[in-house]
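# Descriptive structure summary
One letter stands for each residue in the lines below.
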There are 2 protein chains.
Amino acid sequence: MSDPPVLIALDWGTTSFRAYLIARSGRIADRIERPSGILNVPDCDFDRVFNEAAGPWIAQHGALPAVAAGMIGSRQGWVEAPYVSCPAGLEDLAHALVPHTARNGCRLWFVPGVMRNDDDVPDVMRGEETQIVGALGGSSATAQATFVLPGTHSKWVLVENGRIVWFATFMTGEVFAVLAAHSILGRLMAGESEDVAAFRRGIDYAASAGHGGLLKKLFSTRTLGLFEQVPATALRSYLSGLVIGTEIDEALACLAARAGSTKPATITLVGTQSLGKLYVTALATRGLATQYGEAHAAARGLALVAAAAELVPAR
Amino acid sequence: MSDPPVLIALDWGTTSFRAYLIARSGRIADRIERPSGILNVPDCDFDRVFNEAAGPWIAQHGALPAVAAGMIGSRQGWVEAPYVSCPAGLEDLAHALVPHTARNGCRLWFVPGVMRNDDDVPDVMRGEETQIVGALGGSSATAQATFVLPGTHSKWVLVENGRIVWFATFMTGEVFAVLAAHSILGRLMAGESEDVAAFRRGIDYAASAGHGGLLKKLFSTRTLGLFEQVPATALRSYLSGLVIGTEIDEALACLAARAGSTKPATITLVGTQSLGKLYVTALATRGLATQYGEAHAAARGLALVAAAAELVPAR
């Protein structure tokens, strides 16, 4: 049976660009990955980047519709798609798509980010909402599920009946990266190999009571190195464990403070790339079971949004 | 009455070099300040830096004894003076001085740092112990006093009967600086002016319950800027309030966890430079009164250590 391409799906973030050619069945027929994140596009000529990637597909299959998620839909991106508020699910995203016509004639639709404003301060996501939709696979059956999307700005996301009802951002990856690269903590570090024992020691120390919080505990990366209690080659892993452990404890405290929330039974990890294994280890120390979500959650989510907005023929 | 110079005192840290000519009465007869911190000395030729500063004094007054405190006595410095352990006071420092003869014939003594190892992880100070000794002014009368030395690596120090019995390091200043310079949080910041309202908002948010800890709260610097709830010109102050408020709450939690400790009645601020006013404001929000310690605490401390070690004639 024929399964022709019907959609171009763009997962376009700050540092990376991923384009997928999606067939009617939902199958990924082709894919392109480039470092053309929105910060790496000369003169913000997003049209050019899009056409270089999608041009050959369009030449072969005609001007397919395209959907785009991620920072490309931010104020710093190509076309701004304003945030929708929590609770937000597949239908909410599909209704808020922002259309645009590319120079090559393609019609594009930009997926909005999601914001939460039920707090002293707002929180935002852009791109992760589409991964969540993809990980849910269009289902709204699960009463409650907790997702974690590790990374530069880790997201913890609570989903109820198919809609994002709460989420929080933790600057784990970026704090780790800037401290390792630019602070005194990086000076004693040697190499980038993973050291499981040091990683676990960092996770444990993050939870130790009576020793203050992160601002104090961070300095242990210096002193444990200075007194050779953690080898120089293991200090990166130690700091990684310290910040990931801190993230998990902060997130669990947030969830515990939410009325009616219970400690999640299982965490679904999405878009983990190389961090997945570290999070499985770290979450297990806090008694949390884990499972991996859909591998191509963004592409799957984009296809579901396009279908919900009737941009592509029903399967 | 004649009050001749009797001592050269060096407060020599990572980024700055301060040399004092101390008279018999303890008066500062002359002083030199240069950016020749140990990281800025070509070929680690500390002898040259010392002689360029102290040479004219020596030519005029003869080969005075010299004492040096700070990172100059670390492994990365000129002569390593191993840490002494808590509890440590004036006599402990004076007994552990490490002597050295400079190329110009001067005898130098290096003041040790202080370490604390009664915990899962060690903590260290180097230079601050001398400032504390100077702030105490040689007195061991006060039963208990709490000192805060704000900065790149803020120190909270508990003194009992003239000796440092406990201290903790918080990476407040460095975390602020690297995040402002190298993370997404700096991108929306405009200018370096101080905004008291934003600073206070940051302090308050640091203490808000149910919103996680620092890794989560840091991201508010981004979102409050994004939604223009804090103006771009005030975001630096907001982040500054957030990290200083977090430091204070972590430190108070550490003190509360110490057996027999009570919440300090008054905090003595030492070596605050431009940060003093911010800490007075921030500490007041947590119900803590403040006073400023000795202005030239390092010079005063060095003079006291030299006297205790009988390097200079008694007054």
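These figures come from a predicted structure and were not determined experimentally.

Superposition of chain A onto chain B requires a rotation of 180° combined with a translation of 0.0 Å along the rotation axis, giving an RMSD of 0.0 Å. Interpreted geometrically, this transformation is the action of a two-fold axis. Distance from the rotation axis, computed per C-alpha, reaches its smallest value in chain A at Val-178 of chain A: 3.3 Å.

So, on to unusual backbone geometry. Residues and elements named next belong to chain A. Omega for the peptide link from Cys-86 to Pro-87 comes to -10°, which places this bond in the cis form. The residue Pro-87 is located in the loop between β5 (84-85) and β6 (88-89) in this model. The residue Asn-161 is not glycine, and still its phi comes out positive at about 50°. Position of Asn-161 relative to the elements: it lies in the loop between β12 (154-160) and β13 (163-170).

Time to look at the sheet that holds strand β6 (residues 88-89) of chain B. In sheet architecture, strand pairing relies on hydrogen bonds along the backbone and comes in two forms, parallel and antiparallel. Residues and elements named next belong to chain B. Judged by pairing direction, the sheet is mixed, and its 6 strands sit side by side in the order β6-β13-β12-β11-β14-β15 without closing on themselves. Since the sheet does not close on itself, it has two edges, and those belong to β6 and β15 (289-292), each with one partner. Contacting β12 (154-160) and β13 (163-170), helix α8 (residues 235-257) runs over the sheet at an angle of about 140° to β13. The strands touched by helix α9 (residues 276-285) within the sheet are β11 (144-149), β14 (266-269) and β15, with β15 carrying the most contacts at an inclination of about 160°.

Residues Val-67 and Val-305 of chain A together with Val-67 and Val-305 of chain B are the most contacted members of the largest nonpolar core, which totals 212 residues. In this view, Val-305 of chain A contacts Val-67, Leu-90, Leu-93, Ala-94, Val-111, Thr-130 and Val-133 of chain A; residues no more than four positions away in its chain are not counted.

Attention now goes to the domain arrangement of chain A. Residue and element names in this part refer to chain A. If you check the domain split of chain A, you get domain 1 (1-126) and domain 2 (130-303 + 310-314). When each unit is reduced to the centre of its C-alpha atoms, the spacing between domain 1 and domain 2 is 26 Å. When contributions to the side of domain 1 that touches domain 2 are tallied by element, the ones reaching two or more residues are β1 (5-12), β2 (17-23), β4 (66-69), β6, α2 (90-95), β9 (114-116) and β10 (123-125). It is β1 that provides the largest number of residues to the side of domain 1 that touches domain 2, a total of 4 residues. Split by residue class, the side of domain 1 that touches domain 2 holds 18 nonpolar, 2 polar and 5 charged.

Another aspect to go through is the environment of Ile-244 of chain A. Residue and element names in this part refer to chain A. With respect to the secondary-structure elements, Ile-244 resides in helix α8 (residues 235-257). Using a count of 28 C-beta atoms within 10 Å as the deciding quantity, one classes Ile-244 as buried. Separated by 48 residues in the primary sequence, Ile-244 and Val-196 have C-alpha atoms spaced 13 Å apart. If near-sequence neighbours (up to four positions away) are discounted, Ile-244 is found in contact with Thr-172, Ile-203, Leu-278, Tyr-279 and Ala-282.

Moving on to the interface of chain A and chain B. Tallying the contact residues gives 43 residues for chain A and 43 residues for chain B. Looking at the side of chain A that touches chain B, the elements that each hand over two or more residues are β10, β13, α4 (172-182), α6 (214-217), α7 (220-226) and α8 of chain A.

Residues and elements named next belong to chain A. Pairing is mixed in the open sheet, where 6 strands are placed in the order β6-β13-β12-β11-β14-β15. Every interior strand has two partners, whereas the edge strands, β6 and β15 (289-292), have only one. Where strand β14 (residues 266-269) lies against β15, 4 bridges are found, and the strand directions are parallel. Paired with Thr-268 across the strands is Gln-291, a residue of β15.

A separate point is the packing of helix α5 (residues 196-207) of chain A against α8 of chain A. Residues and elements named next belong to chain A. The contact between α5 and α8 brings their axes to 6 Å, and the two run at 40°. In terms of orientation, α5 and α8 fall into the oblique class. α8 is crossed by α5, and the crossing has right-handed handedness. Only Ser-237, Tyr-238, Leu-239, Ser-240, Gly-241, Leu-242, Ile-244, Gly-245, Thr-246 and Asp-249 of α8 make contact with α5, whose side of the interface consists of Ala-198, Phe-199, Arg-200, Arg-201, Gly-202, Ile-203, Tyr-205, Ala-206 and Ala-207. Each residue belonging to the contact of α5 with α8 can be placed in one class, and the counts come to 10 nonpolar, 6 polar and 3 charged.

Another point: the pairing of strand β2 (residues 17-23) of chain B. Residues and elements named next belong to chain B. For β2, a buried count of 5 out of 7 residues is recorded, marking the element as mostly surrounded by other parts of the structure. By the bridge criterion, 7 bridges tie strand β1 (residues 5-12) to β2 in an arrangement that is antiparallel. When the bridges of β2 are listed, Pro-5 appears paired with Ala-23. Where β1 hands over to β2, the hairpin turn is made up of 4 residues, counted between the paired strands. Taken together, the 6 bridges between β2 and strand β3 (residues 28-34) define a ladder with antiparallel strand orientation. Bridged to Ile-22 within β3 is Ile-28. The hairpin turn running from β2 into β3, its antiparallel successor, is 4 residues long, and Gly-26 in that turn takes a positive phi close to 100°.

Residue and element names in this part refer to chain B. Within the fold, Cys-106 resides in the loop between β7 (98-101) and β8 (107-110). As for Cys-106 and Ala-307, which are separated by 201 residues in sequence, their C-alpha atoms are 17 Å apart. Apart from residues lying up to four places away in sequence, Cys-106 is in contact with Ala-54, Ile-58, Ala-63 and Ala-66.

With respect to the element layout, Ala-265 of chain A can be found in the loop between α8 and β14. A count of 10 C-beta atoms within 10 Å places Ala-265 of chain A in the exposed class.

So, on to helix α10 (residues 297-308) of chain B. All names here are of chain B. If you check α10, its first and last C-alpha atoms are 16 Å apart, about what 12 residues at 1.5 Å a residue would give, namely 16 Å. Among the 12 residues in α10, 11 count as buried, and that is most of the element. When α10 is considered as a whole, its buried residues turn out to be Ala-297, Ala-298, Ala-299, Arg-300, Gly-301, Leu-302, Ala-303, Leu-304, Val-305, Ala-306 and Ala-307. In the segment just after α10, Glu-310 is the residue with positive phi, at about 55°.

This next bit is on helix α9 (residues 276-285) of chain A. Residue and element names in this part refer to chain A. Of all the positions in α9, only Tyr-279, Ala-282 and Leu-283 are classed as buried. Buried residues of α9, viewed axially, fall in a sector of 95°; they line one side. Exposed residues on α9 whose side chains face more than 90 degrees from its buried face are Lys-277 and Ala-284. Here the buried face of α9 lies against β11 (144-149), α5, α8, β14 and β15. Two residues or fewer past α9, Gly-287 is found with a positive phi of approximately 75°.

What counts as what
- Residues numbered from 1 in each chain as written.
- Chains lettered and ligands numbered in written order.
- Predicted model: local features only at pLDDT ≥ 70, side-chain atom pairs only at ≥ 80, totals over all residues.
- Least-squares fit on C-alpha atoms with pLDDT ≥ 70 in both.
- Helix = DSSP H or I, 4+ residues; strand = E, 2+ residues; numbered from the N terminus.
- Pairing = 2+ DSSP bridges.
- Contact = placed C-beta atoms within 7 Å.
- Axes fitted to C-alpha atoms, helices over the stretch in contact; angles between N-to-C directions.
- Core = buried A, V, L, I, M, F, W, Y, C linked by C-beta atoms within 7 Å.
- Buried ≥ 20, exposed ≤ 12 C-beta atoms within 10 Å, placed from the backbone.
- Domains from an automatic or database assignment.
- Nonpolar A, V, L, I, M, F, W, Y, C, P; charged D, E, K, R; others polar.
- Parallel < 35°, antiparallel > 145°, perpendicular 65-115°, else oblique.
- Left-handed = near helix turned anticlockwise from the far one by under 90°.
- Expected span 1.5 Å × (residues − 1).
- Arc of directions from axis to C-beta.

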